[in-house]
Amino acid sequence: MKPANHAAEVALAMLDRCCDEVEPVRPWSWQCAFQNGTRLPLSASYADGFLRLAAGPAMAPVTASALDRAIRWNAALTGGIKIAIDAARRAFALCADLVVLDEAQLLARLRWALDGFHDGLSAFATDDSLDAAIPSRPAPAPASELPELLGATPWEFAERDAGACSVALDAESAPPARVWMDADGISLSVELARASAVSAAQLRALGLFLLTVTGALRLVRAGAVESDGQTVFTLAARLPQAPAPEELDHALASLSVAYRLCARESCVLLDEAAAACYLAVRRQPMTCQSLDRKEN
């Protein structure tokens, strides 16, 4: 049996363990239903060593009022869950990417992700839910084991203060990725772009671009946070507290690829004229709420 087929069989077996219903759609693709207080329908597909889970159907249309909230929610979602734009459906979707290594590892990751889906779905509970308060991000926690975990990977790293580490990514001109531990697990993040004044058009163009890329890339999600009076756009990944070296390796490699794909374009979209042109090509209006809009 081919290794890829064996991994797909592992994925199917663990879906059967976690879900009440698993129905094949096409080779290595299934529709699933998970019950944990509420019924959660999911699509699952295996390819190239990864199992992707997506809450379906795509839940919310891409509107000007929802884009800024979606990218801010991404900075706080747990369980490896991310909000992305489903380009085919022109709608938001909630998804997760899990590395498939063996049955025990994948079963633990599935349970971790399924809990995250239930938390993340609160972002889409009602039509205006993306205007609800953004959840607080898990606070960093001391993690003396981080150097040991990173030392089992081929990536060069340095220990920083507060138990965090920095890792040199495989991307030209990329700043070091910051790696730290919190209550949800291990977070990895690299700064993509920042600006002290972001117009509605610039914000909307960056949100459309980065959340669409989020849907296309494995493990990585784009986010935006406010820091020192500036809007900071980031690329990030989340792993559970005791990831296998292969999972850390994949996350850092994915961050490297994402930075190479997004850094130049993100800086270009901070130009007002380029942002307007991009929105016109995507056939999106230029009006959008600001990331620093005051709450009522």
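Cut-offs and rules
Residues numbered from 1 in each chain as written. Predicted model: local features only at pLDDT ≥ 70, side-chain atom pairs only at ≥ 80, totals over all residues. Heavy atoms only, no water. Helix = DSSP H or I, 4+ residues; strand = E, 2+ residues; numbered from the N terminus. Buried < 20%, exposed > 50% of the residue type's maximum accessible area, 1.4 Å probe, protein only. Phe/Tyr/Trp six-rings, centres within 6.5 Å; stacked < 30°, edge-to-face > 60°. Lys NZ or Arg CZ within 6 Å of the ring centre and 35° of its normal. Pairing = 2+ DSSP bridges. Contact = heavy atoms within 4.5 Å. Axes fitted to C-alpha atoms, helices over the stretch in contact; angles between N-to-C directions. Parallel < 35°, antiparallel > 145°, perpendicular 65-115°, else oblique. Left-handed = near helix turned anticlockwise from the far one by under 90°. Core = buried A, V, L, I, M, F, W, Y, C linked by side-chain atoms within 4.5 Å. Expected span 1.5 Å × (residues − 1). Polar contact = N/O pair within 3.5 Å; in protein donor to acceptor, adjacent residues only side chain to side chain.

J.: Outline unusual backbone geometry, listing residues and values.
T.: Even without being glycine, Leu219 reaches a positive phi, approximately 70 degrees. Looking at the element boundaries, Leu219 is found in the loop between helix H5 (200-216) and strand S12 (221-227). With a phi angle near 55 degrees, Asp228 is a residue other than glycine that sits in the positive phi range. Relative to the helices and strands, Asp228 resides in the loop between S12 and strand S13 (230-239). You can call Asp228 exposed: its relative accessible area is 76%.

J.: Break down the packing of aromatic side chains for me, with residues and values.
T.: Describing an aromatic ring pair means giving the distance of the ring centres and the angle of the ring planes. Applying the stated criterion across every chain, the model contains one aromatic pair. On the numbers, 6.4 Å between centres and 90 degrees between planes, the contact of Phe209 with Tyr278 is edge-to-face. Placement of the pair is Phe209 in helix H5 and Tyr278 in helix H7 (residues 272-281), with a sequence separation of 69 residues. Pair check on accessibility: Phe209 and Tyr278 agree, each one buried. Sitting over the ring of Trp180, Arg178 keeps its end group 4.5 Å from the ring centre.

J.: Mind laying out the pairing of S12, listing which residues take part and the relevant values?
T.: On any regular strand, side chains alternate: one points to one face of the sheet, the next to the other face. Among the seven residues that make up S12, five are buried, leaving the element largely enclosed by the rest of the structure. Both S12 and S13 contribute to a ladder of seven bridges, which runs antiparallel. Looking at the pairing, Ala224 lines up with Phe233 of S13. Hairpin connection, S12 to S13: the antiparallel pair is bridged by two residues, and Asp228 has positive phi, about 55 degrees.

J.: Residue-level account of the environment of Ala251, with values.
T.: Looking at the secondary structure, you find Ala251 in helix H6 (residues 245-269). On a C-alpha basis, the gap between Ala251 and Val220 in space is 7.5 Å, while along the polypeptide they are 31 residues apart. With residues near it in sequence (within four places) discarded, Ala251 still touches Leu188, Leu219, Ala237 and Leu239.

J.: Any details on the packing of H5 against H7? Residues and values, ideally.
T.: For the pair H5 and H7, interaxial distance at closest approach is 8 Å and the crossing angle is 55 degrees. As summarised for this structure, H5 and H7 are arranged oblique, according to the angle between their axes. Read as a crossing pair, H5 and H7 show a hand that is left-handed. Side by side, H5 and H7 meet where Ala201, Gln202, Arg204, Ala205, Leu208 and Phe209 of the first sit next to Glu272, Ala275, Tyr278 and Leu279 of the second.

J.: A description of the nonpolar core should follow, citing residues and the corresponding values.
T.: Formed by 88 residues in total, the largest nonpolar core has its most connected members in Leu15, Leu51, Phe92, Leu188 and Leu235. Excluding residues that lie within four positions of it along the chain, Leu188 makes contacts with Arg178, Val179, Leu235, Ala236, Ala237, Leu239, Leu248, Ala251, Leu252 and Leu255.

J.: Describe in detail helix H3 (residues 103-120), supporting the description with residues and values.
T.: With 18 residues, H3 should reach 26 Å at 1.5 Å per residue; the first-to-last C-alpha distance of 25 Å fits that figure. When we look at burial in H3, the residues that qualify are Gln105, Leu106, Leu107, Arg109, Leu110, Trp112, Ala113, Leu114, Gly116, Phe117, His118 and Gly120. Looking at where H3 begins, the residue whose side-chain oxygen comes 3.3 Å from the main-chain nitrogen of Ala104 is Asp102.

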